[in-house]
Each structure stands twice: as structure tokens, then as C-alpha cells.
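# Structure at a glance
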Amino acid sequence: MGACQIRLQEGALVIVEGVYHKVLSRDASGVTLRTLGARPVSVTKSHAELADLYFGEPRRLQLVEDTTAGLPQGVQDNLLRTIDTFDVRQQDAALMRLDYMQACDRCFAERTHKKVLKGYAEIAKLVAAERRQRVIENEGSHPDDVPLERVSGSSLKGWYGRWRKGGRALAALIPLHDQKGRAGFRLDPEVEVILAERVREDWLIRNGPPLSHVILFIQGRVERENKTRAVPLDVPDAMTIRRWVKANVSRFDEIYHRQGPAEAEQAFRHVKKAPQATRPLEIVEIDHTPLDVLVLEGDGTPARNRRRKDKRTKRVWLTVAICAATRMIVGFHLSEERPSWTSVMHCLRMAVLPKDLTRVRVETSWPVFGVPEVVKLDNGREFHSRSMKAAAGQLRFELRYMPRRKPHLKGKVERALGTIARDFCAYLPGRTFRDVRERGDYDSVGQAALTLAQLIEFFTIWVVDIYHNRKHGGLLGRTPLQRWQDLIGYGTRLPPSADDLDPLIALVVPRTIQRHGITFLGLTFQSDELKGVRRRKGFHFGEEFLVKVDASDLGHLLVLVDEEAGWIRVPCDDALADGTSLAEWRDVVRTARRMTLEGQRVARATLVRAMELLRAECRKAGVKPQRLASTDVDWFREHADDPMFEVAWDVADENAHEAERLRTRRPRKAAPSAAADGQAAPAPRIGQGGRKTGGRPVRAAQDDSVAAQPARSPPVTAAATVPAATMPAAAADDIGFDADDPDNWTAE
């Protein structure tokens, strides 16, 4: 009895011991094979030998299956290419069809649909609805803006058969549009040169005209060429030109040249999944946004003037920090001022500290606190402050700045800001909406009814009770609060001492240590420890140290001597600064300058009287103590290095002048004697940088001139520290002194 035969068709390919052979013939005795290549060799194998080669160890016979049999020639050609060699639009079409193929496999395996046209049509409808819903969720689009794909049952059946016969290769799903209809359009070579030139020079440019105008340019150019030719050229119509542009100008080139590189990169960048955060506070993203709502200024009391009663409203800015791993909002800051480094510092401080919700009407907890490991930021100026970098260095977290015009690199906080604008602001009175068309005739100013304090309370309630308890698509249906509780076992990082959190609210500036100590905003700070720093080995003049100042109390500052010694406390030599905030000190200085005659230095007694005057005026106006505003802190940061002044103890005390001259060790000309002309010798002015700026005549002041200035308002002893206010307009007019003249201020 003959051996069982292996079915081999003529022309089929087999691999025998690693060499390709082609089947020439087959009969009862055996199979005739011929090797492939330049020098083919024919050999005949019996059926028993073929069986031994196929089943024996090792396997020496392998059948090459022809998967392209019965497929169109275009599909066979596509299978010989890799998927990345096709146009981007063809790749997108193949990926779209792959979703339908995988759905067919699932439905046929589960036997929920039959392999008939009706079954294919039902599968197509299900996949089209699923793809539409996916686009709405991922892009945040409105359902009316996303059309439903139309795929017939016969088309899906043809795709599925082609895909299976092609070995389930993605290239088998590439559309064969090039084999449909006409083989293309023909243009005269000269016309094509004109067309390419005009498209390149008139259309592929920034802010270029529309293609319809360029079509007129091309047709006019061809018509002018025909006037000089014996045989005229065919003038292409608009549709021919549009088809040529579509076939020869890629979508990338169109966007790149007409809209710019940034838009092209945004539309065609290759997206690679970034490393994902796996534990709480591993990555925190921070960003700002103006809320689409107006709030009432102050306590909401309407402003009154002679003509009408009106509301004072203002736009509010929001700074948000969000945890990338859990999507929890770990901190925020709402302010009427534009975003600054203080906004970021307040937001970070809230993120690090435990949340106190005792006075907020919430039903769930906010169990978030700890120092982040990495903070993602924009390249805004407020994120590059020295105080921000000093806080990051002390608390040991990394500041990671994102490139310009790359919002997708911190997409989680961008998505959160969009949710806030869409959901939280929807029910607030005084909305400004996205634009005037959406606002319509809504009176935003008239409907404004919330103060900043109320808005902060409502936003806290929305974050704690709504946002943290809403299912999130990026968390696989879990809520941010549930995700935080799932990962809470990792723990959160804290500094060794809670005192290390002070840099989050303090100002950090560089300063040098001089003979008299550290001079800052016209105040001198000195201590025995600071004197010892000057005597240590390796100290040199001009060396800058980091100085940390509390803007709510200028009575002392902290100096970072070295990493081992840490921060040392240095008090102010002048008791005027004890318990005085930045806002108070700034207004006291302005008032004292108005109370000092031109050419005279600000006397310490004048500063005391100015402070008493301002506090008395504040008490009369009913001003209550309030916290330091972020605008005052921002002014402090911007003017920290401005020339200030040096306090004179008494403008009429010659001994004080002499003692100060010896202290500064700067040679000066002897002042004319007071006995010679019966007047007090005017103190020389000190200009910016501590250099003498004499030469300008000044008015001589009597000994009691300074004391007479504040006589309009008797001195009042302050019982409590209250924020300073500006000098009344009437008093400023009477004094007649320019408060912003920098000539009266001296270097620190």
C-alpha cells in the first residue's frame, strides 16, 4: 500500500531544509521540486520522504501558505508593504476598519450575530455608535458636532473577507481609492509648472489668500501666456486645480506653511505615552485660569457717588494644583489680582498642609496633605521666582518647566480647568461666559452677587463634595477620592519639621553682609551671630546670602549661613519695624517723605509721627485690621532692590550727623556752622548706591520745621497694629511734596 500523500498544488512553495522549492508536478510515485534562484536544481522526493521531512525531528519541511489567492491585485501589492509606508489618511482609514474587524470577530465568536448582510449591518451600527461616543468623551465635543459613521453591511462583509484572506494583516484594509474611476487627470507640463509656482508663492504662506483666489491667479497667468503663444495652453478649471493641490500638497505642508509650525506639530505629532504617576503626590500639575464670573469687591457694599449707586465688580483668577495619580485637587488659590508667585506659594502651602473644613458645609473629607515629588509648571515669570526655587530646594521637590505652547504635557490640570469652567461656573450669578455671543443680553455686572469669600466657600464645597466624588474616565470609573484611598498605603512625604514649611509664604532675596549688618528697605538688621559670620574663614566681601523675610512682620529676618547651620534669626536695629507689615511700612515711608522738606533726610521722629498720623486716620475711617494682600507682597518683590532711604535720628542734631559720618566712613565737606548764619546745617543727601549727590541747592530748614509739619493732626498712640492707608488728599496738597520722587530715597 502506498504512503499517504501530502496535498501539494503545482506552483506551490515549500521550504526543504531551509531552501525554497517550487512544486513542478505530483503523481503517485512522488513530487518533483525545483529550487528558486539563478541556478535552479530539480529533485524528486517520494511521498514517504516528504512525510519523514515534515514529521521528523528536527522539522525539515515547511509548507508556504499562499494567503493572497483570490485577493484583488491592489490588495496583494499592499500586503508587500509595511503600514508606515502609506499616507497618513490611508493609515487612519485602515485603523478605523480594524475596529470593525475586531467587533466582527467578537460577535461571531459569541454567536450574537450571523454571517449574513443583516448581521454585518447590525455590527456596523454598534461599532459606529461606540466610536462616536469615544470621540465625544476623549475630545470633550458636543454630541451634535460628531457625525455618525455610515458603513453598510455589504462593505463590512467585503472588508472582513479581505482581512481574513490577507492573514489578518492591517495592510489588507488599506482603501483602494487609486483603482476607482479615472486614472487621474492630465495637465500640460508648462501649465503644471505655473500651477506649482503660484501655489507655492501665493497659497503656501502665512495669512495667505484662500485657494479660490489663487485659482484666479493661475488662470490669469495661463491666459497671459497664451497671448504670446501660437498654440495656446488649456486653461485649467477650478476643480482640476483643486484636485492637483489635494494630490500634491500634503495636509502637513498646508498647515505648516499657512498656520505655522506650532499648529502643524500639534496636529501631526507622534503621541507617546508619558511615564504615569503611580503614587499620591508623585507628580503635581499647577496652572492658572480666569474664572468666567464677576465678584463684588470688598464686602459687597455698593459704591456711592453723586450721580448713581453702582456695584464694584472684578474678575477672579484661580490657581489649581492637581495630583496626577489620583486626580485629586490638592490645593487652590482664588484672588482678584492677576497670577503671581504669591498665588503659587499660597496654592502650594494649601497642598502641603492638612485641610481645615470645620467651618465649611461639606459632607465628605479632604484627606490630602504632603510635599509633592515633582511639580509641573508653565514657563511663566511667577514660576521662576527665587522664592519658588528656594522653597523647592528646602522641601526637596523638583520643579519641571514645560516648553512653551505645549499644554498637553500637563493635560490633567488643563482638563480640570475646563471642567471647572464648564460645571462649577454654570450656576454662579454674574457669569461672563466664554464670549459675547454666548453671553447674549445677560447682565453680568447686574447679576453679580457673590463676594470673594463666598466664592471660595462655594468652590471648596464643589471640590470636596462633587469633583472628588465624580467618576473619572482616566481612573477606570473610580472617583478621585476612591483612587486616593486605594493608593494611600504609599504614604505622603513631609519635611523633618513643620517649620520647614515657612518658605512657602516667605520672601527670599539675596543680600550681602556689610559692617553694620544687612540693610533692607531702609532698615538695618544686626546680631552677634551675623557679626561672627564676617569673621569666619573664607568669608569675602560681596558674597551673597539668601535672606528670608516675613512680609507680615519686618521686625526680623532669617539668613541662610550654610546648609549645616541653617537659618539664623537677625532682629532689626530699629524698634519701628517690630510687628510692622510691608503695607504699613510702605505707606509710613511715603507719608514721612511728604512731611520732610526737600533736601532733608527723613528723620526718625518724622517716621514715628507719620505712623501715628496714619493709624489715627485709619481709626477715624473705621478701617479694621486685615490680612496682607497679595498685591502688597508682589510690590515688595518688584521693589526689593529699589533705592530706599536711611533714617536720620534728628535733622537738628549735629552730633547725630557726626556719629553717622564716622559710622559710614565716607569723607564729607564740613557743613556750615549753625552759629554762623543762625540756621541748622542741612544734612547732605545720599543718592542711589550710597554715593554723595551734592551740588543741587536745597532749601534750608529751621530746627522746628519738621516738627511743625504734622501739627495738623496731633500724635496719637496706636493701641493696635492696623493696616496703613495712604495720606488724605487734603494733607498731601497742603504739604506739596512729590511722594514718588526717588531723589529723596537712598540706597540700602
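Residues numbered from 1 in each chain as written. Predicted model: local features only at pLDDT ≥ 70, side-chain atom pairs only at ≥ 80, totals over all residues. Heavy atoms only, no water.

### So, the overall build of the protein
Within the protein, the secondary structure is distributed over 25 helices and 18 strands. Buried positions account for 40% of the 748 residues belonging to the protein. Sequence-distant contacts in the protein: of pairs separated by 6 or more residues, those separated by 24 or more amount to 64%. Accessible surface for the protein amounts to roughly 43,200 Å². Of this, 50% is attributable to carbon and sulfur atoms. (Helix = DSSP H or I, 4+ residues; strand = E, 2+ residues; numbered from the N terminus. Buried < 20%, exposed > 50% of the residue type's maximum accessible area, 1.4 Å probe, protein only. Contact = heavy atoms within 4.5 Å. Areas by Shrake-Rupley, 256 points an atom, 1.4 Å probe, with all protein chains shown as cover.)

### Side note on the sheet that holds strand β9 (residues 313-323)
The five strands are arranged β10-β9-β6-β11-β12 in an open sheet whose pairing can be described as mixed. Edge positions in the sheet fall to β10 (329-335) and β12 (398-401), since each of these pairs with one other strand and no more. Averaged over all neighbouring strand pairs, the angle between strand axes comes to 30°, with direction disregarded. (Pairing = 2+ DSSP bridges. Axes fitted to C-alpha atoms, helices over the stretch in contact; angles between N-to-C directions.)

### Thoughts on the packing of helix α6 (residues 189-203) against helix α7 (residues 211-226)
Two elements in contact, α6 and α7, have axes whose closest approach is 10 Å; the angle formed by their N-to-C orientations is 140°. Comparing the axis directions of α6 and α7 gives the class oblique. The chirality of how α6 crosses α7 is right-handed. Across the interface between the two elements, Val191, Ile194, Leu195, Glu197, Arg198, Val199, Asp202 and Trp203 of α6 pack against Leu211, Val214, Phe217, Ile218, Arg221, Val222 and Glu225 of α7. The class makeup of the residues in the contact of α6 with α7 is 10 nonpolar, no polar and five charged. (Parallel < 35°, antiparallel > 145°, perpendicular 65-115°, else oblique. Left-handed = near helix turned anticlockwise from the far one by under 90°. Nonpolar A, V, L, I, M, F, W, Y, C, P; charged D, E, K, R; others polar.)

### Structural notes on the nonpolar core
Side chains of a nonpolar character, in soluble globular proteins, are inclined to be buried together. Membership of the largest hydrophobic core comes to 62 residues, with the highest contact counts inside it found for Leu291, Leu334, Ile420, Phe424, Leu455 and Phe459. Those residues in contact with Leu334 that sit more than four places away from it in its chain are Leu291, Val316, Trp317, Leu318, Leu452, Leu455, Ile456 and Phe459. Listed in part, the 32 residues of the second largest apolar core include Phe525, Val533, Val547 and Val561. (Core = buried A, V, L, I, M, F, W, Y, C linked by side-chain atoms within 4.5 Å.)

### Concerning the packing of aromatic side chains
Throughout the structure, instances matching the rule amount to 14 aromatic pairs. For the ring pair Phe252 and Tyr256, a centre distance of 5.8 Å and an interplane angle of 25° mean the geometry is stacked. Note that Phe252 and Tyr256 are positioned in helix α9 (residues 251-259) at a spacing of four residues, about one turn of the helix. A relative accessible area of 36% places Tyr256 in the partly exposed class. Residues Phe424 and Trp462 carry aromatic rings whose centres are separated by 5.7 Å and whose planes lie at 55° to one another, so their mutual orientation is tilted. One end of the pair, Phe424, is in helix α13 (residues 411-424); the other, Trp462, is in helix α16 (residues 452-466), and 38 residues separate them in sequence. By relative accessible area, which is 5% here, Phe424 ends up buried. (Phe/Tyr/Trp six-rings, centres within 6.5 Å; stacked < 30°, edge-to-face > 60°.)

### What to know about a nonpolar patch on the surface
Together, Tyr20, Leu36 and Val64 give the surface a local cluster of nonpolar side chains, amounting to about 260 Å² of exposed area. By secondary structure assignment, the location of Tyr20 is in strand β2 (residues 19-26). The exposure class assigned to Tyr20 is partly exposed, which follows from its relative accessible area of 43%. (Patch = residues over 30% accessible without salt bridge, like charges linked within 9 Å, V, L, I, M, F, W, Y side chains within 5 Å. Salt bridge = Lys/Arg side-chain N within 4 Å of Asp/Glu carboxyl O.)

### A word on α6
Each α-helix winds once per 3.6 residues, and so residues spaced three or four apart point in a common direction. Along its 15 residues, α6 runs 20 Å from first to last C-alpha, staying within 8% of the 21 Å computed at 1.5 Å per residue. For α6, the complete set of buried residues consists of Val191, Ile194, Leu195, Arg198, Val199, Asp202 and Trp203. Seen from one end, α6 has its buried residues packed into an arc of 130°, which puts them on one side. Projecting away from the buried face of α6 at angles above 90 degrees are the exposed residues Pro189 and Val193. Capping the start of α6 is the job of one residue whose side-chain oxygen sits 2.9 Å from the backbone nitrogen of Glu190: Asp188. (Expected span 1.5 Å × (residues − 1). Arc of directions from axis to C-beta. Polar contact = N/O pair within 3.5 Å; in protein donor to acceptor, adjacent residues only side chain to side chain.)

### Side note on α16
Taking 1.5 Å of rise per residue, the 15 residues of α16 would be expected to cover 21 Å, and the 20 Å separating its terminal C-alpha atoms lies within 8% of that figure. Where α16 is buried, its residues meet β6 (283-296), β9, β10 and α13.

### A word on the packing of α13 against α16
At their nearest, the axes of α13 and α16 sit 12 Å apart, and the two run at 110° to each other. By the angle class used here, α13 and α16 are roughly perpendicular. Here α13 contributes Thr419, Ile420, Asp423 and Phe424 to the contact with α16, which in turn contributes Leu455, Phe458, Phe459 and Trp462.

### Description of the pattern of salt bridges
Per the counting criterion, the structure on display carries 22 salt bridges. Taking the shortest distance from any N to any O, the salt bridge between Asp99 and Arg131 comes out at 2.5 Å. With Asp99 in helix α3 (residues 88-110) and Arg131 in helix α4 (residues 117-139), this residue pair connects regions lying 32 residues apart in the sequence. Between Glu398 and Arg400 there is a salt bridge; the shortest N-O distance is 3.2 Å. Using a relative accessible area of 39% as the deciding quantity, one classes Glu398 as partly exposed. Note on Arg400: relative accessible area 31%, which makes it partly exposed. Several salt bridges converge on common partners, so that one network encompasses Glu197, Arg198, Glu201, Asp202, Arg221 and Glu225.

### Side note on the sheet that holds strand β4 (residues 42-45)
The sheet built from five strands is open, its strands ordered β4-β3-β2-β1-β5 with antiparallel pairing. Two strands close off the open sheet at either side, each with one partner strand: β4 and β5 (61-64). Strand-to-strand twist across the sheet, computed as the mean angle between neighbouring axes with direction ignored, equals 35°. In this structure, strand β3 (residues 31-35) lies alongside β4, joined through four bridges in antiparallel fashion. If you follow Leu33 over to β4, its bridge partner there is Val43. Contacts between helix α1 (residues 47-55) and the sheet are confined to β1 (13-16), β2, β3, β4 and β5, with β4 contributing the most and set at about 90° to the helix.

### What about the environment of Tyr120?
With respect to the secondary-structure elements, Tyr120 resides in helix α4. Beyond its immediate stretch of four places on either side in the chain, Tyr120 contacts Cys104, Phe108, Lys114, Lys115, Gly153, Leu156, Lys157 and Tyr160.

### Structural notes on the side chain of Asp287
Here Asp287 shows up in strand β6. Apart from residues no more than four positions distant in its own chain, Asp287 is found in contact with Leu318, Thr319, Val320, Asp378, Lys410, Val413, Glu414 and Leu417.

### Overview of unusual backbone geometry
Trans is the prevailing form of peptide bonds, just as negative phi is the prevailing case for residues other than glycine. Note the cis peptide between Glu57 and Pro58, where omega equals -5°. Backbone geometry at Leu476 places phi at a positive 60°, although glycine is not the residue there. If you trace the backbone, Leu476 turns up in the loop between α16 and α17 (480-487).

### What about the confidence of the model for the protein?
Averaged over every residue, the pLDDT of the protein is 75; the share at 70 or more is 73%. Confidence drops under a pLDDT of 50 for residues 303-309, and excluding neighbours within four residues, the segment shows six contacts in the predicted structure. Within the model, the stretch residues 663-748 combines pLDDT values under 50 with 151 contacts to residues more than four positions away or in other chains. (pLDDT = per-residue confidence, 0-100.)

### With respect to the side chain of Asn226
Among the secondary structure elements, Asn226 is positioned in helix α7. Filtering out sequence-adjacent residues up to four positions away, Asn226 remains in contact with Pro232, Leu233 and Val235.

### What to know about the state of the cysteines
Here the structure, examined in full by the defined rule, presents zero disulfides. Between Cys107, a free cysteine, and Cys104, which holds the nearest cysteine sulfur, the sulfur-to-sulfur gap is 6.8 Å. (Disulfide = S-S within 2.5 Å.)

### Let's talk about the environment of Val463
By secondary structure assignment, the location of Val463 is in helix α16. Put simply, Val463 and Ile420 are 43 residues apart on the chain and 9.3 Å apart in space, counted from C-alpha to C-alpha. Discounting residues that sit within four places of it in the chain, Val463 has contacts with Ile329, Trp366 and His468.

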